[in-house]
Amino acid sequence: MAAARLRPTALGGKPSRAAEGRAMEAADGEERLLLTQRLKAAVHYTVGCLCQDVAEDKEMQFSKQTIAAISEITFRQCENFAKDLEMFARHAKRSTVTTEDVKLLARRSSSLLKYITQKSEEITSSNMEQKEKKKKKSIATKGGITSGEQEAAVTESEDSNMA
């Protein structure tokens, strides 16, 4: 599609670098537009499903215009959240968004902040447990412990962690 827009130079050679750059920018713009449209469609579908569930529970109906409006508002709010998260990370001189950025974003909603904090702690503890198991596995492998002895050691350490 974008390649068809490339025109050779007046001398009949390759397209100029500027023309190639414009073509690449156009292709990137088209790809971004397609991805945005797919995302909007996914949000619209999800909102439609949620509205259908609520409609069944509350014995009411949502018009197509209402679903479209909720979808558009949701998509715009998500865009704003993404921009804010990016700015929080950039302000901290990072290129990666962290859970702390998400908590900062959710600070105005105490219930959401509480939920995010709880899930963050669950994920952190799960990651720590997995790291411990990997560490014990590598130690057992280096020490020549059999797999049965290793499982007993892991179970024993899990029991002591719960106590």
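Scroll up a little and you will see the structure.
It should be emphasised that the depicted structure is a prediction, and the values quoted were computed from it without experimental measurement. (Residues numbered from 1 in each chain as written. Predicted model: local features only at pLDDT ≥ 70, side-chain atom pairs only at ≥ 80, totals over all residues. Heavy atoms only, no water.)

Colleague: Would you mind showing me how to read the pattern of salt bridges here?
Modeller: Two side chains carrying opposite charge are able to pair once their charged atoms lie near each other. For the coordinates displayed, the defined rule picks out five salt bridges. E72 serves as the salt-bridge partner of R76, at 3.0 Å between the closest nitrogen and oxygen. Of this pair, R76 and E72 are both found in helix α2 (residues 64-91), four residues apart, which corresponds to roughly one turn of the helix. Take R76: its relative accessible area is 51%, and that puts it in the exposed class. Where E122 meets K119, a salt bridge forms, and the shortest distance between an N and an O atom there is 3.4 Å. With E122 and K119 both in helix α4 (residues 110-143), this residue pair falls three residues apart, about one helical turn. Given a relative accessible area of 37%, E122 falls into the partly exposed group. (Salt bridge = Lys/Arg side-chain N within 4 Å of Asp/Glu carboxyl O. Helix = DSSP H or I, 4+ residues; strand = E, 2+ residues; numbered from the N terminus. Buried < 20%, exposed > 50% of the residue type's maximum accessible area, 1.4 Å probe, protein only.)

Colleague: Mind showing me how you'd approach the environment of I67 here?
Modeller: Relative to the helices and strands, I67 is located in helix α2. On the basis of relative accessible area, I67 is assigned to the buried category, the value being 15%. For the pair I67 and G48, spaced 19 residues apart in sequence, the C-alpha to C-alpha distance is 6.1 Å. Excluding residues within four positions of it along the chain, I67 makes contact with H44, V47, G48, C51 and F62. (Contact = heavy atoms within 4.5 Å.)

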